[in-house]
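What follows is the residue order along each chain.
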Amino acid sequence: MTTHQPALLGVNYWPAYSGPKMWRDFRPHEIELDLAALKDVGVDYLRAFLFWPDFMPTPSRVEPEMLDKLEQFLDLCTAADLKVHLSFLVGHMSGENWSPAWLPDPTQLYADPRLLDIQALYLREVTARVGGHPALAAYVLSNEMPIYGGVGTKATVGGWAERLCGVLAEVEPRLPVSLGDGAWYCLGDETGFDPEHAQDILGPHLYMAETDAGRQIAAYGLAVGTASALAHGRGVWLEEYGASQNTFGEAQIAEFAGRVATEARLQGASHICWWCGLDFDLIHDLPYFHHGFELRFGLLNADRTPKLAAAALREAVRAPLPELPEVGLLVTSFLPERYPFSWDDRDYVKRALRNSYAALRNLGYLPRIVPENEFLAGTVEVPDILLVPSTQKLLAPTWGKLAEHAGRVIYSYFHGALDIHTGAWVHDAGAFFGALPHNRYGLSETAPTELVANGERWPLPAHANALATTPLLLDPEQLGDAELIGSDEGGRPLWVRTGNRDLLLYPLEALAQSPAEVEPIYRALLASVKTIAQQARQPEAVAGDD
């Protein structure tokens with residue numbers, strides 16, 4: 001849920017002079033200057049990394065010299081009034097994977113009993129030395145473990161998380177633990193990591209490009225909002241996002257940084273952590289030798305002067321948040337799940353959700369993310385108005401659950417874009433749509449070009465895929481329980497109402513090139529739905545009343 005408290009601002013930290021070589025080339029004075037500069041621009045905490053090859057040179061030895069340096073580093077953070085989120089299993093970093101010499105295959109880290117024992121030993125040795133340090137505020141098991149350890153199964157990754165989180169749960173004081181996996185299940189990616197695994201924090205790592213600025217911010221909001229919906233009371237931190245000042249302008253990055261931070265806060269994030277603290281001038285060092293753009297992600301330049309993003313982030317994490325009316329946004333489980341023999345073009349699903357989210361924000365609403373499985377289980381808060389944009393596939397029970405929603409449902413039809421199993425996967429179309437459709441099996445239908453309703457006309461987006469632009473066909477003379485609200489330019493029903501549902505029979509959101517194409521129709525839909533809701537709340541007149 002949205003918190004109106006200021007968020008904490010963090011940066012992912014390597015020293016400007018060294019990058020990942022920090023521990024083998026430890027320079028306290030340089031680090032002290034970095035920390036002071038970061039504190040001056042409003043940073044509250046660092047996500048710091050224990051480079052695993054340096055800290056564990058053999059399977060049975062955690063290097064005492066490195067622990068000495070770690071303790072000294074934490075002392076410097078305390079002196080600078082900076083908290084630390086300590087990341088342990090750091091084998092992946094900025095476009096390169098490094099393993100200790102004794103570890104030939106990091107994909108075995110999740111399940112191999114001997115390797116699990118070694119990882120547990122590592123955590124115990126580090127926390128035995130520094131676990132009580134006042135600078136520590138959180139633990140992070142890894143840095144993007146799916147990239148380093150590979151994609152696992154939910155069972156093996158779950159066992160790994162339970163074992164290692166169990167080790168950290170024994171450390172006093174008890175600190176919150178993030179898995180450091182990136183929470184990419186929030187994007188629909190399959191990594192083996194799951195929000196139900198042992199963890200106190202869901203921490204998305206997000207780097208997303210788009211062709212529309214509103215959809216780009218929507219993508220970040222959707223991801224953080226999904227994490228909040230899946231967290232069930234646990235913390236949600238935007239653990240990592242950023243932008244390299246390679247071909248991208250400093251002012252443009254600052255605007256992006258601030259907008260994403262604000263959106264993440266609106267969606268429930270209490271911590272915002274930028275990648276990264278400082279630029280580097282290390283063109284001959286790995287990983288920067290081959291990933292040169294990684295040199296310019298800093299909140300500060302390599303000389304420790306602030307970039308424009310520093311002020312933008314400081315303002316965004318502290319500014320008051322607006323009070324916005326909420327609209328639920330249902331996310332089909334066919335996005336994150338891989339159901340057997342369901343072939344899906346997820347790009348249409350993502351486009352629909354992002355266009356819907358961005359249009360709602362532009363109209364002054366806050367989308368509240370409602371994952372389908374959470375909706376079915378009743379474990380997520382659902383606003384009175386629930387939007388289901390351009391959706392072909394839902395689980396069989398969900399169609400009936402939508403019809404039972406106590407508020408209003410706005411659904412738009414999507415026929416599908418692939419030439420197999422087309423049409424909405426609904427088992428009782430007559431009940432859901434209020435009338436029986438009559439589309440021809442396995443064939444596309446002529447796409448509408450306009451929606452005509454209440455004396456107004458709105459253009460509809462087109463697309464080269466004739467299946468994707470196929471509307472749901474209802475006979476205007478046989479609408480049954482459905483009430484006709486709007487038609488296409490040829491008189492075919494395109495907006496009908498039945499029960500608690502307003503149904504748009506065309507995939508507006510999946511096909512729109514811009515949220516601006518969605519907004520005018522959403523404005524009409526939402527105004528109509530709110531009028532119905534207001535009428536339903538008015539008491540009926542009683543005979544004899546004046």
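A quick note: this is a predicted structure, and the numbers were derived from the prediction, not measured.

Visitor: Describe the sheet that holds strand β17 (residues 493-498), naming the residues involved and giving the relevant values.
Guide: Pairing is mixed in the open sheet, where nine strands are placed in the order β11-β10-β12-β13-β18-β17-β16-β14-β15. Each end of this open sheet is capped by a strand with a single partner; those strands are β11 (366-371) and β15 (456-459). For this sheet the average axis-to-axis angle between neighbouring strands, irrespective of direction, equals 25 degrees.

Visitor: Explain a nonpolar patch on the surface to me, and be specific about the residues and the numbers.
Guide: There is a patch of nonpolar side chains on the surface, built from Phe-341, Trp-343, Leu-418 and Ile-420 and spanning about 420 Å² of accessible area. Relative to the helices and strands, Leu-418 resides in the loop between β13 (408-413) and α13 (429-433).

Visitor: Lay out the pairing of strand β10 (residues 326-331) with the relevant residues and their values.
Guide: Among the six residues that make up β10, five are buried, leaving the element largely enclosed by the rest of the structure. Alignment of β10 against β11, held across six bridges, turns out to be parallel. Opposite Val-331, over in β11, you have Pro-371 as the bridge partner. After leaving β10, the chain enters helix α10 (residues 346-362) and then returns to the sheet as β11, a path that is right-handed. Taken together, the two bridges between β10 and strand β12 (residues 385-391) define a ladder with parallel strand orientation. Looking at the pairing, Leu-329 lines up with Leu-387 of β12.

Visitor: Lay out the side chain of Glu-240 with the relevant residues and their values.
Guide: The residue Glu-240 is located in strand β8 (residues 235-242) in this model. Under the relative-accessibility criterion, Glu-240 is labelled buried at 5%. Within the structure, the side chain of Glu-240 is placed 3.4 Å from the side chain of His-205, a separation counted as a polar contact. Ignoring sequence-local partners within four residues, the contact set of Glu-240 consists of Asn-12, Arg-47, Asn-143, Glu-144, Pro-204, His-205, Leu-206, Tyr-207, Cys-273 and Trp-275.

Visitor: Let's hear about the packing of aromatic side chains: which residues, and what values?
Guide: Applying the stated criterion across every chain, the model contains 31 aromatic pairs. Taking 5.1 Å as the distance between ring centres and 85 degrees as the angle between the ring planes, the aromatic pair formed by Trp-399 and Phe-432 counts as edge-to-face. With Trp-399 in helix α12 (residues 396-404) and Phe-432 in helix α13, the pair connects residues that are 33 residues apart, well separated along the chain. In this structure, Trp-399 and Phe-432 share a single accessibility class: buried. Grouping aromatic residues by their ring pairs yields a cluster made of Tyr-13, Trp-23, Phe-26, Phe-55 and Phe-73. Positioned above the aromatic ring of Phe-432 is the side chain of Arg-501, whose terminal nitrogen or guanidinium carbon lies 5.1 Å from the ring centre.

Conventions adopted
- Residues numbered from 1 in each chain as written.
- Predicted model: local features only at pLDDT ≥ 70, side-chain atom pairs only at ≥ 80, totals over all residues.
- Heavy atoms only, no water.
- Pairing = 2+ DSSP bridges.
- Helix = DSSP H or I, 4+ residues; strand = E, 2+ residues; numbered from the N terminus.
- Axes fitted to C-alpha atoms, helices over the stretch in contact; angles between N-to-C directions.
- Patch = residues over 30% accessible without salt bridge, like charges linked within 9 Å, V, L, I, M, F, W, Y side chains within 5 Å.
- Areas by Shrake-Rupley, 256 points an atom, 1.4 Å probe, with all protein chains shown as cover.
- Salt bridge = Lys/Arg side-chain N within 4 Å of Asp/Glu carboxyl O.
- Buried < 20%, exposed > 50% of the residue type's maximum accessible area, 1.4 Å probe, protein only.
- Right-handed = clockwise from strand over helix to strand, strands pointing away.
- Polar contact = N/O pair within 3.5 Å; in protein donor to acceptor, adjacent residues only side chain to side chain.
- Contact = heavy atoms within 4.5 Å.
- Phe/Tyr/Trp six-rings, centres within 6.5 Å; stacked < 30°, edge-to-face > 60°.
- Lys NZ or Arg CZ within 6 Å of the ring centre and 35° of its normal.

Distances and angles like these do not, on their own, reveal function.
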